[in-house]
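Take a look at the letters that make up each chain.
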Amino acid sequence: MAADKPRPSSFSRISPSAGSPHSPGLKSGPNGTNFVSTGIADLDKILGGGFVLGSLVMIMEDPEAPHHMLIMRNFMSQGLVHNQPLLYVSPSSDPKAFLGTLPNLVASKDEKSRDRGRDQEQEKGLRIAWQYRKYFEENQQNFGGSADIKHEYCNDFDLRKPLDKQFFGGRRVECVSVLDSSNLSSLVDRCAAFLSESARNDVSCGGRLAIQSFGSPQCEYSNSEWDMLSFLRSLKSMVRASNAVAVLSFPPSLLSPSSSKRWQHLADTVLSVKAIPDEDKELAALLTGYQDMVGFLNIHKVARINTQVPVILEATTYSIKLQKRKTLILECLNQAPVDGSSGSSYGNTGCSSKSRSLEF
């Protein structure tokens, strides 16, 4: 009788590659979940890693300002940098024109010094050595940019500069207009075909879907709330099965309260944005760095996949700021101190502040 094979111990070492994502654009999380970056470093830290792979994210729009597009632009640009398939759905007549507004990568100090060194070598006439080095670096590039881009889980983006055309080459980027759509059956088929193509190519991330202003009055189906609810159910099931991430923004003020609650219940993650009134003296005296704020971000719901443990947030309301008028950062709301000093980003100080003695 053959001897039984020894059973592996429960304390056996797991290889580093086990359970790790096969794409540099993914990050492993607890309970076997994987994350994709939101394109905003502070938002990744707030949500515990980013948007959960296979989740439906909803952003409630503010009717006074399109601040939801700041989050959506960074989300789309980050996907293109990571060479992930992208599907953009818009109520406008020309959705491809929106791709020209996506933010570009912020050049690091190493890239600037590298470019400066290349210019000096060209001036000295070392063109042969430059061509050899250029060929060697191009073989190491997988994303059309610098060799360091593929190692960055979340990049910094400059909202003032459009994304380089090199990030669109070789990517699966599809744009759909729902302006003249009388029903949502064609959109369901388009989303299913997009996600099935990613599954056929054996991509670790099923892709990124960005749906802007779903249910806006420009669309003919905006009065069919049950049809829109059915579409959201189908979208969530398709996204979950294909390991994709869908970010959908909608105007809650145009929906009935019951429909808005149903939509939020379907979503895995729910965010909302709100504009700041111009020259609000009371608010300026209350908050630090009010002059740099462009709006507020509220976290209503965080995805809980493969777990029943809720995510405990340090805060639910954050200020949206533009660092040097180009980079998007989030900060916890802090009361203005007596000396009038401003706070810093979420990643540096979080919600804590220095203790001060109170005088009565």
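As shown above, the structure is provided for reference.
Per chain, the residues get numbers from 1 upward, laid out in the order the sequence is written. Thresholds applied to this predicted model are a pLDDT of at least 70 for local features of residues and 80 or more for the giving and counting of side-chain atom pairs; totals over whole chains, interfaces and linings are not thresholded and use all residues. Heavy atoms from the whole structure form the basis of all side-chain values; hydrogens and water molecules are not counted.

## A closer look at the overall build of the chain
The condition that has to hold: Strands here are runs of E lasting at least two residues and helices are runs of H or I lasting at least four, both read from the DSSP assignment and numbered beginning at the N terminus. Only protein chains enter the accessibility calculation, which uses a 1.4 Å probe; a residue is then buried when its area is under 20% of its type maximum, exposed when over 50%, and partly exposed in between. Methods summary: accessible areas were calculated by the Shrake-Rupley approach with a probe of 1.4 Å, and residue burial reflects only the protein chains presented.
A count of helical and extended segments in the chain gives 9 helices and 14 strands. Put simply, the chain has 360 residues, and 45% of those count as buried. As displayed, the chain offers around 20,100 Å² of accessible surface, 50% of which is attributable to carbon and sulfur atoms.

## Regarding the packing of aromatic side chains
How we decide: Classification of ring pairs rests on two measures: the distance between centres of Phe, Tyr or Trp rings, Trp counted by its six-membered ring, which must be within 6.5 Å, and the angle between planes, read as stacked under 30 degrees, edge-to-face over 60 and tilted in between.
Under the criterion given, the structure shown has 6 aromatic pairs. Summarising the aromatic geometry, the rings of F214 and W263 are spaced 5.5 Å apart at their centres and angled 45 degrees between planes, so their arrangement reads as tilted. Taken as a pair, F214 in the loop between β9 (208-211) and α6 (225-242) and W263 in helix α7 (residues 257-266) lie far apart in primary sequence, 49 residues in all. Side by side, F214 and W263 carry an identical accessibility label, which is buried. Between F250 and W263, the ring centres sit 5.0 Å apart and the planes meet at 65 degrees, which makes this aromatic pair edge-to-face. In this pair, F250 sits in strand β10 (residues 245-250) while W263 sits in helix α7, placing the two residues 13 residues apart along the sequence. An identical accessibility class is assigned to F250 and W263; each is buried. Of the aromatic side chains, those joined through ring pairs into one cluster are F214, Y221, F231, F250 and W263.

## Overview of helix α2 (residues 68-81)
As a reminder of what qualifies: Multiplying 1.5 Å by the residue count of a helix minus one yields the expected span of that helix.
For α2, built from 14 residues, the straight-helix expectation of 20 Å at 1.5 Å per residue is met to within 8% by its first-to-last C-alpha distance of 21 Å. Of all 14 residues making up α2, 13 are buried, and the element is well covered by its neighbours. Where α2 ends, the next residue or the one after it, N83, has phi of about 60 degrees, a positive value.

## Considering the environment of R73
Selection criterion: By definition in these notes, contact holds between two residues if any of their heavy atoms fall within 4.5 Å.
The residue R73 is located in helix α2 in this model. Linking R73 and L99, residues 26 residues apart in sequence, is a C-alpha distance of 8.7 Å. Residues within four places of R73 in sequence aside, it is in contact with F98, T101, L102 and P103.

## With respect to the pairing of β9
Threshold: Pairing between two strands is assigned when DSSP locates at least 2 bridges connecting them. Every crossover in which the path from the first strand over the helix to the second runs clockwise, viewed with the strands pointing away from the viewer, is termed right-handed.
By the alternation rule, side chains of β9 split into R208 and A210 and L209 and I211, which are all buried. Here strand β5 (residues 86-90) pairs with β9 via 4 bridges, running parallel. If you follow L87 over to β9, its bridge partner there is L209. In terms of strand pairing, β9 meets β10 through 4 bridges, oriented parallel. Pairing of I211 across the sheet is with L248, part of β10. Traced from β9 through α6 to β10, the parallel crossover comes out right-handed.

## Points about the sheet that holds strand β3 (residues 51-52)
The 3 strands lie next to each other as β1-β2-β3, forming an open sheet whose pairing is antiparallel. Strands with a single pairing partner mark the edges of an open sheet, and in this sheet they are β1 (26-28) and β3. Sheet analysis places β1 next to strand β2 (residues 34-36), joined by 3 bridges and oriented antiparallel. Paired with S28 across the strands is N34, a residue of β2.

## Side note on the pattern of salt bridges
Here the idea is simple: oppositely charged side chains can pair when their charged atoms come close. Quick note on the threshold: Here, a salt bridge means any side-chain nitrogen of Lys or Arg that lies within 4 Å of a carboxyl oxygen of Asp or Glu.
Per the stated rule, a full pass over the model turns up 6 salt bridges. Here D158 makes a salt bridge to R160, at a shortest N to O gap of 3.4 Å. On the basis of relative accessibility, which here comes to 3%, the residue D158 falls in the buried class. Accessibility expressed as a relative area gives 53% for R160, which makes it exposed. Where R190 meets E174, a salt bridge forms, and the shortest distance between an N and an O atom there is 3.4 Å. One end of the pair, R190, is in helix α5 (residues 185-200); the other, E174, is in strand β8 (residues 173-177), and 16 residues separate them in sequence.

## Quick notes on unusual backbone geometry
With phi around 60 degrees, N31 is a residue other than glycine that occupies positive phi space. Located in the positive-phi region is N243, a residue other than glycine, with phi close to 60 degrees. Structurally, the position occupied by N243 is in the loop between α6 and β10.

## Quick look at the sheet that holds strand β14 (residues 327-332)
The condition is simple: Here the axes come from fitting lines to C-alpha atoms, over the contacting stretch only for helices, and the angles between their N-to-C directions go from 0 to 180 degrees.
Reading across the sheet, the 9 strands line up as β8-β5-β9-β10-β4-β11-β12-β13-β14 and stay open at both edges, with mixed pairing between neighbours. Of all the strands in the sheet, the pair left with one neighbour each is β8 and β14. Going across the sheet, the axis of each strand differs from the next one's by a mean of 20 degrees, ignoring polarity. Against the sheet, α2 makes contact with β4 (56-60), β5, β8, β9, β10, β11 (269-275), β12 (293-301) and β14, and its axis sits at roughly 155 degrees relative to β9, the strand it touches most.

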